[in-house]
Structures are given as structure tokens and as C-alpha cells.
Amino acid sequence: MHKFYRRTFMLNKIIGFSFLATIATFPSLAQEPLKGCDAKAYEIQQQIEYAKSHDNTHRVTGLEKALKEVQDHCTDEGLMRERLAKVNEKEQEVAERTLELKDAQESGRADKIEKRMNKLQEAEAELSAARSELNK
């Protein structure tokens, strides 16, 4: 684990919310939000701490492996390419679901229309989630 993550986690845990509130009043002391691979590694570290606190050793093992992979292989550029590819994939899925809904509407069958509407809503939610990942 990087020193930065360990130090930040322990600092937040020891000092608590009052420290964070104090920092928020002095913007020059506040850290920039983590992005890219740093944010991904930090999120995994948070999950590891949670799993440890709940004695979930199998989850800890898997998360530690994932953290090592991120630390060894993640690049911000590669992560952005993956996220853009996912957005493109989800956009195509929304387009397909939209066409399927139009076909169902032409058939006039209410059960098909409802089913296709639900599938389109799911695809739109997945697209929204994928787009929000671009900013992390």
C-alpha cells in the first residue's frame, strides 16, 4: 500500500470529521480529489478496510490482489480508454434498445412495449453510470 493512502486513511480515522471540517475552511490545506488510478486504488483500499473490519478474509484476499494489479498496471490513459470504450458500448446498447422499443410500439402489444421500455431504462441507467465514471 502506498504511504499516501495509509497516511490519509489513518489520519481520517484518528482525527475524524472535525479535522476534515477544519481543512474545508482553509482551501489551501485541502487536497485535490483523487482521480484516475489513484482514485481507483483508494476505493479498493477502502473496501479492504471494510472487509477486514467484517472479518471477510476471502474478500480481503481478492481485493488485495486487485489493488496490486492496479498499482502494477494501471495508467490514467489506459483507464480513460477503458472508460470511453464502456461509454461507447453503452451508447450502442441504448440505440439498440431504442430500436427494439420502436418495433414493439409498432406491434401494438402492451406487454412487449413495457418489457422493451424497462430494458431501455436499464440501458440508459448503465450509460449514465459509465459516463459518471469518466470524471473519476
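The structure this text deals with has already been given above.
Remember, predicted model here, so these are calculated numbers, not experimental data.

Helix and strand content of the protein: six helices and zero strands. When its helices and strands are written in sequence order, the protein yields α-α-α-α-α-α. For the protein, buried positions account for 24% of its 136 residues. Relative to all contacts within the protein whose residues are 6 or more apart in sequence, the contacts with residues 24 or more apart total 62%. Of the roughly 10,000 Å² of accessible surface on the protein, a fraction of 54% belongs to carbon and sulfur atoms.

Here we come to the environment of Lys68. Structurally, Lys68 can be placed in helix H4 (residues 57-73). A relative accessible area of 48% places Lys68 in the partly exposed class. Each C-alpha atom of the pair Lys68 and Ile44 lies 10.0 Å from the other, and the pair is 24 residues apart in sequence.

A few words now on unusual backbone geometry. Most peptide bonds take the trans configuration, and most residues that are not glycine carry a negative phi. A positive phi is found at Asp55, a non-glycine position, where the angle reads about 50 degrees. In this fold, Asp55 is placed in the loop between helix H3 (36-53) and H4. Judged by relative accessible area, which is 69%, Asp55 ranks as exposed.

All right, on to the packing of helix H5 (residues 76-107) against helix H6 (residues 110-133) then. Closest axis-to-axis distance for the H5/H6 pair is 8 Å, and the angle between their directions is 165 degrees. Taken together, the axis directions place H5 and H6 in an arrangement best described as roughly antiparallel. Helix-helix and strand crossings are classified by hand; for H5 and H6 the assignment is left-handed. Taken together, the residues of the contact of H5 with H6 sort by class into 10 nonpolar, three polar and 14 charged.

Moving on: the pattern of salt bridges. For the coordinates displayed, the defined rule picks out nine salt bridges. Residues Asp111 and Arg109 are paired through a salt bridge, measuring 2.9 Å at the closest nitrogen-oxygen approach. Close ionic contact of Lys136 with Glu133 constitutes a salt bridge, the shortest N to O distance being 3.3 Å. Note on Lys136: relative accessible area 38%, which makes it partly exposed. Looking at Glu133, the relative accessible area reads 29%, which means it is partly exposed. Connected through salt bridges with shared partners, the residues Lys90, Glu93, Arg97, Glu100 and Glu126 form a single ionic network.

Moving on to the environment of Ala125. Following the sequence through the fold, Ala125 ends up in helix H6. Ala125 sits 35 residues away from Lys90 along the chain, and the two C-alpha atoms are 9.4 Å apart.

Locating Arg83 in the fold gives a position in helix H5. Judged by its relative accessible area of 13%, Arg83 is buried. A distance of 2.6 Å separates a polar atom in the side chain of Arg83 from the backbone oxygen of Lys136.

Parameters at a glance
Residues numbered from 1 in each chain as written. Predicted model: local features only at pLDDT ≥ 70, side-chain atom pairs only at ≥ 80, totals over all residues. Heavy atoms only, no water. Helix = DSSP H or I, 4+ residues; strand = E, 2+ residues; numbered from the N terminus. Buried < 20%, exposed > 50% of the residue type's maximum accessible area, 1.4 Å probe, protein only. Contact = heavy atoms within 4.5 Å. Areas by Shrake-Rupley, 256 points an atom, 1.4 Å probe, with all protein chains shown as cover. Axes fitted to C-alpha atoms, helices over the stretch in contact; angles between N-to-C directions. Parallel < 35°, antiparallel > 145°, perpendicular 65-115°, else oblique. Left-handed = near helix turned anticlockwise from the far one by under 90°. Nonpolar A, V, L, I, M, F, W, Y, C, P; charged D, E, K, R; others polar. Salt bridge = Lys/Arg side-chain N within 4 Å of Asp/Glu carboxyl O. Polar contact = N/O pair within 3.5 Å; in protein donor to acceptor, adjacent residues only side chain to side chain.

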